[in-house]
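Commentary on secondary and tertiary structure
As a plain string of letters, each chain reads:
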Amino acid sequence: MKAIILSAGQGKRLMPLTVDRPKCLIDLSGRPLLEWQIRGLAAVGVTEAVIVTGFRADKVEEAMATLCVPGITVRTLYNPFYALADNTASCWVARHEMTGPFLILNGDTLFEPAIARRLLEAPSAPITVTIDAKDGYDADDMKVRTDAAGRLLTIGKTLPLEIVTGESIGFLRFSAEGGQRFAAEVERVLRSPEGLRRWYLSVIDAIAQRDGDISTASIQGLEWGEMDFPDDVDRNRALTAGWADRGFA
């Protein structure tokens, strides 16, 4: 199993921590965020990680050159459009990696290994989206609406709260067929006038509304975090400190 990690962004909302390093390299309990991700993937048997880089790609390459995690190989893939486009462009750069089954992981998503295990063990489907549920959602949450069977109906930040059933944590599984479908849709979207401004999860939304066969996997009750705002840093350091104490990854 291969994982594609979308880590091209700078993380400007985290300034000044990200003046000269991407947010995937912010230290969390003695390890950069990216290392926590790679160790979490290796812990559940993922054997290859392809990191899509952009801002200060040299620093990511330097960090990965000295990283040795048993059972997983790591390589980087540079996105030269990171400053001009949203993360659909990172998926376009990585489209040739989308062969066989694979995972896509947001570069700012922390997860305990049990989340990756639950995603890998979810029932077979072309595309599976991990989702969590909580009491309330804010404007920055990537909200989802699902049906009673857990099929994804729509996904986006601006969904009306009365129809929201959860949020995407930015961790997806693709079968070989689902990956081909996704890569083709990414190609189509980037040929459109608004393509450079599209999030890749808007591509997932288009597929869900057209084909109706995207599944979800609930990770409710498991631990994860995002790295978007300064307040997230202390929260994620506390989270990873707990994981280190319990021997996660």
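For the structure itself, consult the block above.
Presented here is a report on the structure given in the accompanying data block.

Conventions used here
Residues numbered from 1 in each chain as written. Predicted model: local features only at pLDDT ≥ 70, side-chain atom pairs only at ≥ 80, totals over all residues. Heavy atoms only, no water. Salt bridge = Lys/Arg side-chain N within 4 Å of Asp/Glu carboxyl O. Buried < 20%, exposed > 50% of the residue type's maximum accessible area, 1.4 Å probe, protein only. Helix = DSSP H or I, 4+ residues; strand = E, 2+ residues; numbered from the N terminus. Arc of directions from axis to C-beta. Contact = heavy atoms within 4.5 Å. Phe/Tyr/Trp six-rings, centres within 6.5 Å; stacked < 30°, edge-to-face > 60°. Lys NZ or Arg CZ within 6 Å of the ring centre and 35° of its normal.

Evaluated as defined, the whole model comprises 27 salt bridges. In this structure, the salt-bridge partner of Arg-56 is Asp-58, at a minimum N-O distance of 2.6 Å. Accessibility expressed as a relative area gives 38% for Asp-58, which makes it partly exposed. The shortest N-O distance in the salt bridge between Lys-157 and Asp-140 comes to 3.1 Å. Highlighted residues: Lys-157 in the loop between β10 (152–156) and β11 (166–174) and Asp-140 in the loop between β8 (127–132) and β9 (143–146), separated in sequence by 17 residues. Each member of the salt-bridge network shares a partner with another, and the members are Glu-177, Arg-181, Glu-185, Arg-188, Arg-210, Asp-211 and Asp-213.

Turning to helix α2 (residues 57–65), a few remarks are in order. Where α2 is concerned, the buried positions are Ala-57, Val-60 and Met-64. Viewed along the axis of α2, the buried residues span an arc of 60 degrees, placing them on a single side of the element. Facing away from the buried surface of α2 by more than 90 degrees, the exposed residues are Glu-62 and Ala-65. Taken together, the buried residues of α2 touch α1 (33–43), β4 (48–53) and β5 (73–78).

Bringing the packing of aromatic side chains into the picture now. Evaluation of the coordinates by the stated rule reveals seven aromatic pairs. Ring centres of Trp-243 and Phe-248 lie 6.5 Å apart, and the angle between their planes is 40 degrees; this geometry places the pair in the tilted category. The exposure class of Trp-243 is buried, given its relative accessible area of 1%. Judged by relative accessible area, which is 22%, Phe-248 ranks as partly exposed. Clustering of aromatic rings is evident, with ring pairs tying together Phe-102, Phe-174, Phe-182 and Tyr-200. Above the face of the Trp-36 ring, Arg-31 is positioned so that its terminal group lies 4.6 Å from the ring centre.

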